[in-house]
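Descriptive structure summary
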Amino acid sequence: MTKKVTKAVFPVAGLGTRSLPATKAVAKEMLPVVDKPLIQYAVEEAIAAGIDTMIFVTGRNKDSIPNHFDKSYELEKELEKSGKTELLKMLHELLPAHVSCVFVRQGQALGLGHAVHCAKPIVGDEPFAVILPDDLIEDGNRGCMKQMVELFEQQQCSILGVERVDPKETHKYGIVEHNETAPGVGQLKSIVEKPKPEVAPSNIAVVGRYVLTPAIFEKIETTGRGTGGEIQLTDAIAALMQDEQVLSYEFKGNRYDCGSKFGFLLANVEYGLLHPEIKAEFADYLKQRVEKI
Ligand code: UTP
């Protein structure tokens, strides 16, 4: 029987040190790109992929994430009283009724692999998606995860979202080596976490989108601490591909690394230029501003 992806894990327990001081008291995933927090974009991408169970792996200082998805009675009452029906409608649409949220705590930030493992009791024996909200991906369509879930439905195996990066930047990513089997799709041959450019097997980097089979949990359990002393998802995937087929998938779309200051700024510019309310005014401003540089 073919399996479907109905659950998404959002590891959001990281410390966000690259975005300090903004992330001292505010969760990185709550930083807004134009007018929506990163976590909202991530959840919308999962919903567009047909996923209905959102599992957030949270940690200290992340209370604003459950608050964001809770019903806000006082605010809704105020909006109702003042006749702001459009805003009220927008609030209701943040989380459609068929979608449920589950919050799991990662007591200590021991790495992405460890964070994903915290979701095991909720995921159970099913394939699942992993979305890192700080990698914001705009594909002008129904989203990167939708593309990956469609590929999963055909292939029924783990899939890593990948992108070609500047060869000088391999030390920032998990890097793969693969045999291309179809345009944009490759069979994984090796994967290594944050290799220096001189030893990197390629410039094909894993970014924050995965579809994983539940066999990954057992692999995480036997994965020791790797790069940076953390339990790395990359190392568990390297073990998984010894037993099962793992594919890499070059998604269509533009990715913005909102965990870095520069990527976050780019995302705000690009999403500002797409936003129906402000795009014309913002484009005019940018044109005039650029002339003065
Ligand atoms: P990052 O490498 O971006 O780490 O984690 P970070 O702590 O969030 O940010 P910096 O590097 O200090 O600025 C990638 C993803 O994995 C999650 C993070 O929340 C982010 O979504 N993560 C990382 C966890 O949930 N737990 C961890 O122990 C580590």
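Scroll up to find the structure.
Residues numbered from 1 in each chain as written. Predicted model: local features only at pLDDT ≥ 70, side-chain atom pairs only at ≥ 80, totals over all residues. Heavy atoms only, no water.

1. Observations regarding the nonpolar core
Put simply, the rule is: Remark: nonpolar core denotes a set of buried residues (Ala, Val, Leu, Ile, Met, Phe, Trp, Tyr, Cys) joined through side-chain atoms within 4.5 Å. The buried label goes to any residue with under 20% of its type's maximum accessible area, the exposed label to any with over 50%, and the partly exposed label to all in between, with areas taken from a 1.4 Å probe on protein chains only. Numbering goes from the N terminus for both helices and strands, where a helix is a DSSP run of H or I of at least four residues and a strand is a run of E of at least two. Note on contacts: a residue pair qualifies if any of its non-hydrogen atoms lie within 4.5 Å across the two residues.
Core analysis: the biggest nonpolar cluster contains 38 residues, and F10, I51, M54, F56 and M145 have the highest contact counts within it. Going through the elements one at a time, β1 (7-11), α1 (38-48), β4 (53-58), α2 (64-69), β6 (128-131), α7 (144-155), β11 (204-212) and β12 (246-250) are the ones with two or more residues in this core. The dominant element in this core, judged by the number of residues it contributes, is α7, at six residues. When near neighbours in sequence (up to four residues on either side) are disregarded, M145 contacts E45, A49, I51, A129, V130, I131, R209, Y210 and V211. Grouped together as the second largest cluster of nonpolar side chains are 31 residues, V116, V206, L212 and I237 included.

2. Side note on the packing of aromatic side chains
Rules: Centres within 6.5 Å are what make two rings of Phe, Tyr or Trp a pair, Trp counting through its six-membered ring; a difference in plane orientation under 30 degrees is then read as stacked, over 60 as edge-to-face, and the rest as tilted. Working rule: Lys NZ or Arg CZ, within 6 Å of ring centre, within 35 degrees of ring normal, means a charge sits over the ring.
For the structure on display, the rule yields six aromatic pairs. Both rings, one in Y256 and one in Y271, keep their centres 6.2 Å apart while their planes meet at 80°; by these two values the pair is edge-to-face. Of this pair, Y256 sits in strand β13 (residues 254-257) while Y271 is found in helix α10 (residues 261-272), placing the two residues 15 residues apart along the sequence. The residues Y256 and Y271 share a single accessibility class, namely buried. One aromatic cluster is present, formed by F10, F56, F69 and F103 through successive ring pairs. Over the ring of Y41 we find K36; its NZ or CZ atom is 4.7 Å from the centre of that ring.

3. Let's talk about the environment of S248
Note the following rule: As used in this structure description, the phrase polar contact means that two N or O atoms lie within 3.5 Å; if the pair is within protein, one of them must be able to donate a hydrogen and the other to accept it, and residues adjacent in sequence are counted only when both atoms belong to side chains.
By the secondary structure assignment, S248 is in strand β12. In sequence terms S248 and G140 are 108 residues apart; their C-alpha atoms lie 21 Å from each other. Not counting the four nearest positions on each side in its chain, S248 is found in contact with L160, V162, H178, G184, V185, G186 and L188. Of note is the side chain of S248, whose polar atom sits 2.5 Å from the side chain of H178.

4. Notes on the site of the ligand
Let me state the cut-off plainly: What makes a residue near a molecule or strand is one non-hydrogen atom of that residue sitting within 4 Å of it. Using a 1.4 Å probe, the Shrake-Rupley method yields the accessible areas, and only the shown protein chains count as cover for residues. Each residue is assigned to one of three groups, with Ala, Val, Leu, Ile, Met, Phe, Trp, Tyr, Cys and Pro labelled nonpolar, Asp, Glu, Lys and Arg labelled charged, and all others, Gly among them, labelled polar.
The environment of the ligand is made up of 18 residues, and the closest members are T17, R18, K28, Q106 and G111. Between G16 and the ligand, the recorded distance is 3.1 Å, taken from a backbone N or O atom to an oxygen atom. L110 is positioned with one of its backbone polar atoms (N or O) 3.2 Å from an oxygen atom of the ligand. In isolation the ligand exposes 560 Å². Once the protein is present, 83% of that is buried. Residues belonging to the shell around the ligand are distributed by class as follows: nine nonpolar, five polar and four charged.

5. Focus on the pattern of salt bridges
Basically, it comes down to this: The term salt bridge refers to a pairing of a side-chain nitrogen on Lys or Arg with a carboxyl oxygen on Asp or Glu at a separation within 4 Å.
For the structure shown, the criterion picks out 21 salt bridges. Among the salt bridges present, the one from K146 reaches E150, with a minimum N-O distance of 3.7 Å. You can see K146 and its partner E150 sitting in helix α7, four residues apart, about one turn around the helix. For K146, a relative accessible area of 19% gives the class buried. In this structure, R255 and E163 form a salt bridge, with 3.0 Å as the shortest nitrogen-oxygen distance. Separated by 92 residues along the polypeptide, R255 in strand β13 and E163 in strand β8 (residues 158-164) bring together distant segments of the chain. As far as burial versus exposure is concerned, R255 and E163 are alike and both buried.

Scope: geometric values only; no functional claims are made or implied.
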